[in-house]
Amino acid sequence: MKKSLSVIKEEFLQTPKTSWDQLFALYEADERKSVQDHLLRLRKQLEKDRLELERVELLCTYEKQYAEYEWICGIDEVGRGPLAGPVVAGAVILPKDARIPYINDSKKLSEKKREELYDVIMEKAIAVAVGYASPQRIDEINILQATYEAMREAISKLDPQPTLLLNDAVTIPGVNIKQVPIIKGDAKSQSIGAASIIAKVTRDRLMVEYDKIMPEYGFASNKGYGSAAHIEALKKVGPSPIHRASFIKNFI
């Protein structure tokens, strides 16, 4: 008697993917269309996994190039463009053998995928830290200098301290650690991509909390960026304590 499709599906679920070839061989002669359709879906899934692992391996090119450095840290920031809220920097040191599927520039990922990857990164990382620069600090020293300040804070919180920094595009002044600036680094380095996700999820969660206190601006949805509804609320209600005065002067 042939096994039902549900039993076959469960067999695959209970078997490591590395051993699926044995199950494919076992059921490849099954003439039922439902079974063959399921086998085809699983083969496509394996191919997708293989291509993703190849992509992630490419993301580790810089990490492998500088493998002689013991603690390689990716660093990135989010929040340079919004009208409200802090700029947030993330710093992440991953194990050298870490390969995290679907990691990428945080802007290229859905909110759900960022949240999933945040948990994976926090579990796998050797060290993770976040630095902040407040709206008031941004107004005081300008967004670029505030970004550097947030990055330095994130780096200073790491334990162990990095021996190499992989940065998204910038060279951070005032840091006595070797730096490798990489243009669009959050899409070219696993470490920088991880830092981008940590920074983005941290900042988004913070803006959701601000929305509970100041719901009129829609911070939960716009995250402080200048959406039409946000700008309209700014004109109608005026600025909140977390708005950047230097960013909103054209709107009020």
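Whatever comes next refers back to the structure up there.
Read on for an overview of the structure.

**Thoughts on the state of the cysteines**
Link 1 in the chain: As enumerated under the stated definition, the model contains zero disulfides in all.
Link 2 in the chain: Left without a disulfide partner, cysteine 73 is nearest to the cysteine sulfur of cysteine 60, which lies 15 Å away.
Link 3 in the chain: You can call cysteine 73 buried: its relative accessible area is 0%.

**Details of the packing of helix α2 (residues 20-27) against helix α3 (residues 33-59)**
Link 1 in the chain: Close contact between α2 and α3 brings their axes to 11 Å; oriented N to C, the two are set at 155 degrees. Compared by their axis directions, α2 and α3 come out roughly antiparallel. Between α2 and α3 lies a crossing whose hand is left-handed. Residue-level inspection shows Trp20, Phe24 and Tyr27 of α2 in contact with α3, the latter providing Val35, Gln36, Leu39, Leu42, Arg43, Gln45 and Leu46.
Link 2 in the chain: In terms of residue class, the contact of α2 with α3 is built from seven nonpolar, two polar and one charged.

**Some words on the packing of helix α5 (residues 111-124) against helix α8 (residues 190-213)**
Link 1 in the chain: Packing of α5 against α8 brings their axes to within 9 Å, and their N-to-C directions diverge by 120 degrees. Looking at the two axes, α5 sits oblique to α8. Remark: the crossing between α5 and α8 carries left-handed chirality. On α8, the residues touching Arg114, Glu115, Leu117, Tyr118, Ile121 and Met122 of α5 are Ala194, Ile197, Ile198, Lys200, Val201, Thr202, Asp204 and Arg205.

Here is what the cut-offs are and how they apply
Residues numbered from 1 in each chain as written. Predicted model: local features only at pLDDT ≥ 70, side-chain atom pairs only at ≥ 80, totals over all residues. Heavy atoms only, no water. Disulfide = S-S within 2.5 Å. Buried < 20%, exposed > 50% of the residue type's maximum accessible area, 1.4 Å probe, protein only. Axes fitted to C-alpha atoms, helices over the stretch in contact; angles between N-to-C directions. Helix = DSSP H or I, 4+ residues; strand = E, 2+ residues; numbered from the N terminus. Parallel < 35°, antiparallel > 145°, perpendicular 65-115°, else oblique. Left-handed = near helix turned anticlockwise from the far one by under 90°. Contact = heavy atoms within 4.5 Å. Nonpolar A, V, L, I, M, F, W, Y, C, P; charged D, E, K, R; others polar.

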